[in-house]
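Listed below, chain by chain, are the residues.
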Amino acid sequence: MLPTVAPPSRAFLPLLALALASCSSSETVDEQSKLAASMAQAAVLVSDAWLSGAAPSRYASSALQSFAETLADASRQVGSAATGEPTKRDTLAAAVSRLSNAAKRAKHAVETEQHAGTSEAQQELRTAQGDLTTAYRQYFSPGR
């Protein structure tokens, strides 16, 4: 006969939820920031491949759309995190949002076959990557 296991008490469940939420919020900011950095680099690489003729427009456009959507979602998640100083969190979320907007501009430029527009969007991505790096360091630096 199998032993019976007592169900967790109802008082334990809110404590567990609180513990998970407090642990995951900072981790979420870290994970979403790293995801954003990866997506931004991928967007730069795809736009570069399109500019050099190594990637078809349809593929590049679809990939850039996906990157932009992932970046927009990451920005929302960072902005709604319950940890960290609000100003630093907002700065980090804004940097991720700029990456999303630049990826959208790159997608539009690829769709309309505008090489100059794609190059400009690619440069915006690179600049926003630097902003993300700075905001990330400030967010996670102690005492700042």
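See the structure above.
Residues numbered from 1 in each chain as written. Predicted model: local features only at pLDDT ≥ 70, side-chain atom pairs only at ≥ 80, totals over all residues. Heavy atoms only, no water.

Now for the overall build of the protein chain. Each helix and strand in the protein chain was counted, giving four helices and zero strands. From first element to last, N terminus to C terminus, the protein chain shows the α and β order α-α-α-α. Counting every position in the protein chain, which comprises 144 residues, the buried fraction comes to 37%. The long-range share in the protein chain, meaning contacts at least 24 apart out of those at least 6 apart in sequence, stands at 74%. (Helix = DSSP H or I, 4+ residues; strand = E, 2+ residues; numbered from the N terminus. Buried < 20%, exposed > 50% of the residue type's maximum accessible area, 1.4 Å probe, protein only. Contact = heavy atoms within 4.5 Å.)

Here the focus is the packing of helix 3 (residues 86–111) against helix 4 (residues 115–140). Taken N-terminus to C-terminus, the directions of helix 3 and helix 4 make an angle of 165°; their axes are 8 Å apart at the nearest point. Overall, the two elements helix 3 and helix 4 adopt an arrangement that is roughly antiparallel. The hand of the helix 3/helix 4 crossing is left-handed. Within the contact of helix 3 with helix 4, the residues separate by chemical class into 16 nonpolar, five polar and six charged. (Axes fitted to C-alpha atoms, helices over the stretch in contact; angles between N-to-C directions. Parallel < 35°, antiparallel > 145°, perpendicular 65-115°, else oblique. Left-handed = near helix turned anticlockwise from the far one by under 90°. Nonpolar A, V, L, I, M, F, W, Y, C, P; charged D, E, K, R; others polar.)

On to helix 3. When the terminal C-alpha atoms of helix 3 are compared, their 37 Å separation across 26 residues agrees well with the 38 Å that a helix rising 1.5 Å per residue should span. Just past helix 3, the residue E113 takes up positive phi, approximately 55°. (Expected span 1.5 Å × (residues − 1).)

Time to look at the environment of Q77. As for its placement among the helices and strands, Q77 is situated in helix 2 (residues 57–79). With 49 residues separating them along the chain, Q77 and T28 place their C-alpha atoms 7.6 Å apart. Among all residues touching Q77, those that are not within four sequence positions of it are T28 and Q32.

Attention now moves to the pattern of salt bridges. Applying the stated rule across the entire model yields five salt bridges. With its nearest N and O atoms 3.2 Å apart, the salt bridge here joins D30 to K34. Taken as a pair, D30 and K34 lie in helix 1 (residues 12–51) at a separation of four residues, close to a single helical turn. A salt bridge links R98 to D131, with the nearest nitrogen and oxygen atoms 3.3 Å apart. (Salt bridge = Lys/Arg side-chain N within 4 Å of Asp/Glu carboxyl O.)

What the rule picks out here adds up to two aromatic pairs. Seen in terms of ring centroids, Y136 and F140 are 4.7 Å apart; in terms of plane orientation they differ by 50°. Their pairing is tilted. Taken together, the residues span about one helical turn, with Y136 and F140 both in helix 4 at a distance of four residues. Residue class for Y136 comes out partly exposed when judged on its relative accessible area of 25%. With relative accessibility at 32%, the residue F140 sits in the partly exposed group. Each ring, one from Y139 and one from F140, has its centre 4.8 Å from the other, and the planes form 75°; the classification is edge-to-face. You can call Y139 buried: its relative accessible area is 10%. An aromatic cluster of three or more residues is present, and its members are Y136, Y139 and F140. (Phe/Tyr/Trp six-rings, centres within 6.5 Å; stacked < 30°, edge-to-face > 60°.)

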